[in-house]
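Per-entry structural report
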Amino acid sequence: MKTRTVELVAAPREPHFVGDGFRVHNFIPSGYRMDMQRMNPFILLDYNATYKFPPSPTPKGVGVHPHRGFETVTIAYKGRVAHHDSSGGGGVIGEGDVQWMTAASGVLHKEYHEEEWSKTGGDFQMVQLWVNLPKKDKMSAPKYQAIKNSDIARHQLANNAGHIEVIAGAFEDTKGVAATFTPIHMFNAKLNKGGKATFSFPVHYNTALLVLEGDIMINGEEEVPTDHMALMANDGETFKIEASDTAVVLVLSGAPLNEPIAAHGPFVMNTREELKEAFEDFNNGKFGYLED
Ligand code: MN
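Our subject in this report is the structure included herewith. Keep in mind that what you see is a predicted model, and the values were worked out from it rather than measured.

1. A short note on the nonpolar core
Leu 45, Ile 75, Trp 100, Val 127, Met 186, Leu 210 and Leu 250 are the most contacted members of the largest nonpolar core, which totals 33 residues. Element by element, the count of residues in this core is highest for strand S4 (residues 42-53), at 4 residues. For Leu 210, the residues in contact, after removing those within four places along its chain, are Phe 27, Leu 45, Tyr 47, Val 127, His 228, Met 229, Val 248, Val 249 and Leu 250. Residues Leu 157, Ile 164, Ala 197 and Leu 209 belong to the second largest nonpolar core, which totals 27 residues.

Below you can see the structure in the form of structure tokens.
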């Protein structure tokens, strides 16, 4: 197995607010020689680095908006998020939980700080990913996978190094509970100080690491500090990480779709014609109704 090297280490860009409840650093696709194809099928990564929200009697968040053509994956590390959608669904994403929403043919939803959490406020840390769907599945039926932290498989590492939470795909013999349309690995590596882990993915899988706590050394030579992302090159399969301090690392790897991407706002399709249809369907109320 050939070593997969680090292509670049990206520092967090200036944060911006999504609605008034999510203070995010966009890592994918803005900049860093990255577009929606570079980490495809991961076409967007917004990272709300740990940020203290003051108490608010009215939950902060983002109001009703549509999505079509992809999946949104929300991982709550600190704080709690509530969501509601046009199919009547809704729920709370608690600390350590993952919500995997397949927007596919279209949903309207809203995302807010959970009401009780909002009243006290506190540290909030969250990742939202957009996972692209292949052309044949873009217009399939919407669905949710509400993955509680207790449902996430854990792989204990040797030598008290820590453990790997397997959200999707597999780490060695430990399989993730999330169903995906295309091959995807998504892990939280939770490492003790000095803990080591080795990952191996097919060379053509697009791969990146986001360091949420602590810092890590990749292949013994590239340091990645807290709140930084390492984009891995497509030049080998295997890489090693070592935690310089207690660390939490989101590990992403997936088979690229090799299809054209036409994206505008909340819609990600294959052609401009399909984007136009999405706007028309949205304007004609075909995404349903949701009260703001
Ligand atoms: Mn959304």
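2. Here we look at the coordination of the manganese ion
In this structure, His 65 (NE2), His 67 (NE2), His 109 (NE2) and Glu 111 (OE) serve as the protein donors to the manganese ion, at separations of 2.1 to 2.4 Å. Donor residues binding the manganese ion come from one chain and are separated in sequence as H-x1-H-x41-H-x1-E. Pair noted here: His 65 is in strand S5 (residues 61-67) and His 109 is in strand S10 (residues 107-113), with a separation of 44 residues, a long-range link. Of the two residues examined, His 65 and His 109, each falls in the buried class.

3. Some thoughts on the packing of aromatic side chains
The full count for this structure, using the stated rule, is 19 aromatic pairs. Geometrically, the ring pair formed by Phe 17 and Phe 53 is edge-to-face, given 6.4 Å between the ring centres and 85 degrees between the ring planes. Of this pair, Phe 17 sits in strand S2 (residues 16-18) while Phe 53 is found in strand S4, placing the two residues 36 residues apart along the sequence. You can call Phe 17 partly exposed: its relative accessible area is 42%. Among the aromatic residues, ring-to-ring pairing joins Phe 17, Phe 22, Tyr 51, Phe 53, Trp 117 and Phe 124 into one connected group.

4. Concerning the side chain of Thr 72
When you line up the elements, Thr 72 lands in strand S6 (residues 70-78). When its relative accessible area of 0% is taken as the criterion, Thr 72 is described as buried. Setting aside its immediate chain neighbours within four residues, Thr 72 contacts His 67, Gln 99, Trp 100, Met 101, Gln 128, Leu 129 and Trp 130.

5. Quick notes on the sheet that holds strand S20 (residues 216-218)
Strand order in the open sheet made by the 4 strands is S18-S23-S20-S21, with antiparallel pairing throughout. Strands at the two margins of the open sheet, each flanked by one partner only, are strand S18 (196-200) and strand S21 (222-224). Recorded for the sheet is a direction-independent mean angle of 25 degrees between the axes of neighbouring strands. Sheet analysis places S20 next to S21, joined by 3 bridges and oriented antiparallel. Bridge pairing links Ile 216 to Val 224 in S21.

6. Concerning the sheet that holds strand S1 (residues 6-10)
Pairing is antiparallel in the open sheet, where 7 strands are placed in the order S1-S22-S19-S24-S17-S14-S13. Because the sheet does not close on itself, it has two edges, and the strands there are S1 and strand S13 (153-156). On average, each strand axis in the sheet is inclined to that of its neighbour by 20 degrees, with strand direction left out of account. When strand S17 (residues 184-191) meets strand S24 (residues 247-254), the two strands line up antiparallel, connected through 8 bridges. Across the sheet, the residue bridging to Lys 190 is Val 248, located in S24.

7. Quick word on the environment of Ala 247
Mapped onto the elements of the fold, Ala 247 is located in strand S24. Under the relative-accessibility criterion, Ala 247 is labelled buried at 1%. Along the sequence, Ala 247 and Ile 164 sit 83 residues apart, while their C-alpha atoms lie 11 Å from each other. Excluding residues within four positions of it along the chain, Ala 247 makes contact with Ala 189, Lys 190, Leu 191, Glu 213, Gly 214, Asp 215 and Ile 216.

8. Here we look at the pattern of salt bridges
Enumeration according to the criterion identifies 13 salt bridges in this entry. With its nearest N and O atoms 3.1 Å apart, the salt bridge here joins Glu 213 to Lys 78. With Glu 213 in strand S19 (residues 206-213) and Lys 78 in strand S6, this residue pair connects regions lying 135 residues apart in the sequence. With relative accessibility at 23%, the residue Lys 78 sits in the partly exposed group. Via salt bridges that share partners, Arg 68, Asp 281 and Lys 286 belong to a single interconnected network.

Quick notes on the rules
- Residues numbered from 1 in each chain as written.
- Predicted model: local features only at pLDDT ≥ 70, side-chain atom pairs only at ≥ 80, totals over all residues.
- Heavy atoms only, no water.
- Core = buried A, V, L, I, M, F, W, Y, C linked by side-chain atoms within 4.5 Å.
- Buried < 20%, exposed > 50% of the residue type's maximum accessible area, 1.4 Å probe, protein only.
- Helix = DSSP H or I, 4+ residues; strand = E, 2+ residues; numbered from the N terminus.
- Contact = heavy atoms within 4.5 Å.
- Donors = N, O, S within 2.8 Å, 3.2 Å for Na, K, Ca; no water.
- Phe/Tyr/Trp six-rings, centres within 6.5 Å; stacked < 30°, edge-to-face > 60°.
- Pairing = 2+ DSSP bridges.
- Axes fitted to C-alpha atoms, helices over the stretch in contact; angles between N-to-C directions.
- Salt bridge = Lys/Arg side-chain N within 4 Å of Asp/Glu carboxyl O.

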